[in-house]
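# Overview (structure and organization)
Chain residues, written in single-letter form:
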Amino acid sequence: MLDVKRLKAEMVLSGVTQQELAHKIGISEQTMTRRMKCGNFTINEAAEISKLLNISNPAQIFLGVI
């Protein structure tokens, strides 16, 4: 399950807006909003987000693993 608060915190720390992140991973802002609400990113999208935001342990954010 996606930890939206942590993902948003990583975005703030990286200085990246939701719109910018959507553009960088090749999806629309509306799709990004839906995926943030549902927690339904593809593996490739999650990997790209992790790379762009320098997330060291993406499983904590995208899978809810501690």
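The structure we're discussing is the one just above.
Heads up: these notes are all about the structure in this document. Here the structure is a predicted model, which is why all the values come from computation and not from measurement.

Criteria and cut-off values
- Residues numbered from 1 in each chain as written.
- Predicted model: local features only at pLDDT ≥ 70, side-chain atom pairs only at ≥ 80, totals over all residues.
- Heavy atoms only, no water.
- 1 Å grid on protein atoms, 1.4 Å probe; cavity = no way out; pocket = protein on both sides within 12 Å on 5 of 7 lines; lining within 4 Å.
- Points joined across faces, edges and corners; volume = space filled by probe spheres on them.
- Helix = DSSP H or I, 4+ residues; strand = E, 2+ residues; numbered from the N terminus.
- Nonpolar A, V, L, I, M, F, W, Y, C, P; charged D, E, K, R; others polar.
- Buried < 20%, exposed > 50% of the residue type's maximum accessible area, 1.4 Å probe, protein only.
- Arc of directions from axis to C-beta.

Quick look at the layout of surface pockets now. Quantified by volume, the largest pocket comes out at close to 180 Å³. Taken together, 13 residues line the largest pocket, and the ones lying closest to its centre are Phe-41, Thr-42, Ala-46, Phe-62 and Leu-63. Within the residue set of the lining of the largest pocket, elements represented by two or more residues are helix H4 (43-52) and helix H5 (58-62). The element that contributes the greatest number of residues to the lining of the largest pocket is H4, accounting for 4 residues. A breakdown of the residues in the lining of the largest pocket according to their chemical character gives 9 nonpolar, 4 polar and no charged.

The subject of this paragraph is helix H2 (residues 18-25). Those residues of H2 that fall on the buried side of the exposure criterion are Leu-21, Ala-22 and Ile-25. The arc enclosing the buried residues of H2, seen along the axis, measures out at 100°, which places them on a common side. Residues of H2 that are exposed and angled more than 90 degrees away from the buried face: Gln-19 and His-23. Just past H2, the residue Gly-26 takes up positive phi, approximately 80°.

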